Amino acid sequence: MNLAANIHGSLRAERRWALIIAYVSLCAAVVIFLLPPVYMLITSLKTNAEMSNLQGNPWLVRSPTLEHYGTILGNPLFLTFFWNSIKVTVLTVIVTMVISVLAAFALARMRFWGSQALATGVFLTYLVPDTLLFIPLYQIVGGLGLLNSTWGLVLVYPTLTVPFCTWIMIGYFASIPKELDEAALIDGATWSQMLLKIFIPVALPGIIAATIFAFTVSWAAFVYPTAFITTPDQMPLTIGVVSTLVRGDTFAWGQIMAGALLAALPPVVVYAFLMDYYIAGLTAGATKG
Amino acid sequence: MPDSMTAAVSAPRGPESGAGGGLRRLARRRSTIAFLMTLPLICVIVGLVAYPAVYAVYLSTLNRRMDEFAGLLQFEILVDNETFWLVVWQSCLFAISAVLAKALIGFWLAHMLHHIPTKGQRKWRGMLLIPWVIPPALSTLGWWWMYDPTYSSLNWILAIFAVPAVPWLGEPWWARISVILVNVWYGAPFFMIMYLAALKSVPEQLYEAAAIDGATSWQRLRHITLPMMQNIISITVLFSLIVTFANYDIVRVLTNGGPRDLTHVFATYAFQVGILSGNIPRGAAVSLFMLPALAVFAYFILRGVNRRNREMA
């Protein structure tokens, strides 16, 4: 009894200290992690005069203004970037999800010759970085006449998204109890009915997670558009903001930061609303696969 | 599954004649359907990953004008090139130090998050993952501006603590550290989230038993947490080694290889040589130099994942 109370007491003291250290570390980490985006926001709200004034605290805004946002949103080129990003991302997400859901269903449920090797191949292709492939793909896309075209991006982006999405969908489909599809088969369901009526509804969280992944990756893709696109009117946001706004001797920092923040907004908004799915997709690769 | 299924289908409907032939037809149809369903995937893997990889090898054996076979010429030129060795060195330095820092910070933060009451975890986790959510090419712009020599807001903060101004991107060593810093900032949340998921899967009873046995917190970490997380730690570290080793955006936005080509990594150097200078074969050769290291990492990841699957099965 006494011993137990003692252990309990020391545990509690230890816990309290651990808690204090935990909160201090987390606070420090949050401040450091949020420093760059916050500073981007601060910069985007400053007037040019205030920015070039070297006196005083650069982390404060004295006369906030939305003029940079106005300028950037009134810039037709920036709106073109946005539209290109939306077009490429939406098409890539659709193509990716169709390919991976079909393939994952077949790989998870229909054993066939070479299915095991193919599943391993999917995982291996996920490990091939885009920077290893962009030079040969540059030649291939060029050969197809798709350089400087958003269609070239729609063609190559699936290499970034399909392997991982297929991989996590295999995991989600494999976790569905087999009794379910056996019952469906006895009732005379066809494979397509089984996929549409059972697997997709049951694995919906996985499908949402995979969709978020495909969306984030295509939106943030940088190597391929940098390599394949040099005409501004075909650029997606990432390379558009980096290459066309950052030009000339005097950088328009306010505009650059406003543009970068607006460009980062869609993935951040998706994350804010679907955080749990986002994290499930992130960790599924290693903990489920 | 096929056996149990055929049993389930044939057993209750025994009287139906020709069940055997029907089942065989069903099996054959099934593998045809399965093949058709995986065909798009196979097209992507073969057409857009495997073929380009082989094509890269072919490209690297051509001469500069790409009209003649030149054997290993491109590789020989690179091996004799001083800048190339700087690239190799910088890539290794960048990948190893950044991954190490990310893993340690991620591990620490995951532990801290695991310690606080479950109710508050969601909020903290949400804020801490933000660096990973912003497209790195864009957040690096923010870092670039914080590093700016005349307006550096980082130096302003350092000045409060009486630290002299740091020439962030101007001097080779500081430029290297700046690049690593941004990568750590971007990647540490990923490690944190992976380790947190792993920590949550360690059964609580193990810790309780250890506490009753009088284990110190170090002993608990050493003998329970680390062994239980070993697999996830190695998979995450190896995966991050691949991604960091092949990183492009941060160096491209921050330094573009400068000052004096001293911060180039494989990807940015391959880009400079292959696309910007138009020497496709040489660029292909540069990026192929990444392959041996990546293959080793990939082999160990695959082994770790397979072992994990066996454990969970």
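All figures in this text were calculated on a predicted structure; none of them were measured in a lab.

K.L.:
Which residues make up the overall build of chain A, and what values go with them?
P.N.:
What chain A contains, in helices and strands, is 15 helices and zero strands. In summary, chain A has a C-alpha radius of gyration of 25 Å against a globular reference of 19 Å for 289 residues, an excess of more than 25%. Principal-axis analysis of the C-alpha atoms gives chain A an extent of 80 × 75 × 35 Å. In chain A, which comprises 289 residues, the proportion classed as buried is 45%. Expressed as a percentage of contacts within chain A between residues at least 6 apart in sequence, the contacts between residues at least 24 apart total 79%.

K.L.:
Could you give me a rundown of the overall build of chain B, with the residues and numbers involved?
P.N.:
Helices and strands together make up the secondary structure of chain B, namely 15 helices and zero strands. Relative to the 2.2 N^0.38 estimate, which gives 20 Å for 313 residues, the radius of gyration of chain B is 26 Å and therefore markedly larger than a compact globule would have. In terms of overall dimensions, chain B has a C-alpha envelope of 90 × 70 × 30 Å along the principal axes. Looking at the 313 residues of chain B, the share that counts as buried comes to 40%. Counted over contacts in chain B with a minimum sequence separation of 6, partners at least 24 positions apart contribute 67%.

K.L.:
I'd love a proper account of the domain arrangement of chain B, names of residues and values included.
P.N.:
Residues and elements named next belong to chain B. Under the domain assignment used here, chain B contains domain 1 (2-60) and domain 2 (73-312). One C-alpha centre belongs to domain 1, the other to domain 2, and the line joining them spans 39 Å. Each partner contributes to the interface: domain 1 provides four residues, whereas domain 2 provides seven residues. When grouped by side-chain class, the residues that make up the side of domain 1 that touches domain 2 number three nonpolar, one polar and no charged.

K.L.:
Before we move on, can you summarise the confidence of the model for chain B with the specific residues and values?
P.N.:
Residue and element names in this part refer to chain B. Scored by pLDDT, chain B has a mean of 85; 92% of the residues are at 70 or more. The weakest mean pLDDT in chain B belongs to helix 1 (residues 2-10) at 36; the strongest belongs to helix 6 (residues 130-133) at 94. Note that pLDDT drops below 50 for residues 1-18; the model gives that stretch 12 contacts with residues more than four away or on any other chain. The ipTM value of the predicted complex is 0.89, and its pTM value is 0.88.

K.L.:
Tell me about the interface of chain A and chain B, residues and numbers included.
P.N.:
The partner chain B presents 81 residues to the 80 residues of chain A that form the contact. No other element matches helix 1 (residues 2-44) of chain A, which puts 17 residues into the side of chain A that touches chain B. In terms of residue class, the side of chain A that touches chain B is made up of 65 nonpolar, 12 polar and three charged.

K.L.:
Which residues make up the domain arrangement of chain A, and what values go with them?
P.N.:
Residues and elements named next belong to chain A. Each assigned domain of chain A is listed with its residue range as follows: domain 1 (2-52) and domain 2 (67-287). Here the C-alpha centre of domain 2 lies 33 Å away from the C-alpha centre of domain 1. Contacts between the two partners involve seven residues from domain 1, matched on the other side by eight residues from domain 2. Broken down by secondary-structure element, the contributors of at least two residues to the side of domain 1 that touches domain 2 are helix 1 and helix 2 (48-52). Counting residues per element, the side of domain 1 that touches domain 2 draws most heavily on helix 1, which supplies four residues. Of the residues in the side of domain 1 that touches domain 2, the class split is three nonpolar, three polar and one charged.

K.L.:
Account for unusual backbone geometry, naming residues and giving values.
P.N.:
Here Asn 148 of chain A, not a glycine, exhibits a phi torsion of approximately 60°, which is positive. Mapping Asn 148 of chain A onto the fold places it in the loop between helix 6 (130-143) and helix 7 (150-156). Looking at Asn 148 of chain A, the number of C-beta atoms within 10 Å reads 15, which means it is partly exposed. A positive phi is found at Met 66 of chain B, a non-glycine position, where the angle reads about 60°. For Met 66 of chain B, the position within the fold is in the loop between helix 2 (19-60) and helix 3 (73-79).

K.L.:
Could you give an account of the packing of helix 11 (residues 204-220) of chain A against helix 14 (residues 253-273) of chain A, naming the residues involved and the relevant values?
P.N.:
Helix-helix packing is characterised by the crossing angle of the two axes and by the distance between the axes. All names here are of chain A. Where helix 11 meets helix 14, the axes come as close as 10 Å, and the angle between the chain directions of the two elements is 160°. Relative to helix 14, the element helix 11 lies roughly antiparallel. Crossing of helix 11 over helix 14 shows left-handed handedness. Facing Ile 212, Phe 215, Thr 216, Trp 219 and Ala 220 of helix 11, the residues of helix 14 in contact are Pro 266, Pro 267 and Val 270. Classifying every residue of the contact of helix 11 with helix 14 by side-chain character gives seven nonpolar, one polar and no charged.

K.L.:
Describe the nonpolar core, listing the residues and the values that go with them.
P.N.:
Formed by 171 residues in total, the largest nonpolar core has its most connected members in Phe 105 and Ala 260 of chain A together with Tyr 195 of chain B. Ranked by the residues each element gives to this core, the list is headed by helix 9 (residues 172-200) of chain B, at 16 residues. The contact partners of Ala 260 of chain A, leaving out residues within four places of it in the chain, are Met 40 and Val 241 of chain A together with Leu 138, Leu 141 and Gly 142 of chain B.

K.L.:
Quick rundown of the confidence of the model for chain A? Include the residues and the values.
P.N.:
Overall, the predicted model of chain A reaches an average pLDDT of 88, with 93% of residues at or above 70. Model confidence for chain A, summarised as mean pLDDT per element, is weakest for helix 15 (residues 275-287) of chain A at 77 and strongest for helix 7 of chain A at 95.

K.L.:
Lay out the environment of Arg 109 of chain A in plain terms, naming residues and giving numbers.
P.N.:
Residues and elements named next belong to chain A. Inspection of the secondary structure puts Arg 109 in helix 4 (residues 76-109). For Arg 109, a count of 23 C-beta atoms within 10 Å gives the class buried. C-alpha of Arg 109 to C-alpha of Asn 75: the two residues are 34 residues apart in sequence and 51 Å apart in space. When near neighbours in sequence (up to four residues on either side) are disregarded, Arg 109 contacts Phe 173 and Asp 181.

K.L.:
Could you give me a rundown of helix 11 (residues 217-245) of chain B, with the residues and numbers involved?
P.N.:
Each turn of an α-helix holds 3.6 residues, which means side chains three or four residues apart point in the same direction. The terminal C-alpha atoms of helix 11 of chain B lie 35 Å apart, and with 29 residues this falls more than 12% below the ideal 42 Å at 1.5 Å per residue. At Gln 230 of chain B, helix 11 of chain B shows its largest bend, some 55°.

About the thresholds
- Residues numbered from 1 in each chain as written.
- Chains lettered and ligands numbered in written order.
- Predicted model: local features only at pLDDT ≥ 70, side-chain atom pairs only at ≥ 80, totals over all residues.
- Helix = DSSP H or I, 4+ residues; strand = E, 2+ residues; numbered from the N terminus.
- Rg over C-alpha atoms; globule rule 2.2 N^0.38 Å.
- Buried ≥ 20, exposed ≤ 12 C-beta atoms within 10 Å, placed from the backbone.
- Contact = placed C-beta atoms within 7 Å.
- Domains from an automatic or database assignment.
- Nonpolar A, V, L, I, M, F, W, Y, C, P; charged D, E, K, R; others polar.
- pLDDT = per-residue confidence, 0-100.
- Axes fitted to C-alpha atoms, helices over the stretch in contact; angles between N-to-C directions.
- Parallel < 35°, antiparallel > 145°, perpendicular 65-115°, else oblique.
- Left-handed = near helix turned anticlockwise from the far one by under 90°.
- Core = buried A, V, L, I, M, F, W, Y, C linked by C-beta atoms within 7 Å.
- Expected span 1.5 Å × (residues − 1).
- Bend = angle between axes of the 7 residues up to and from the residue.

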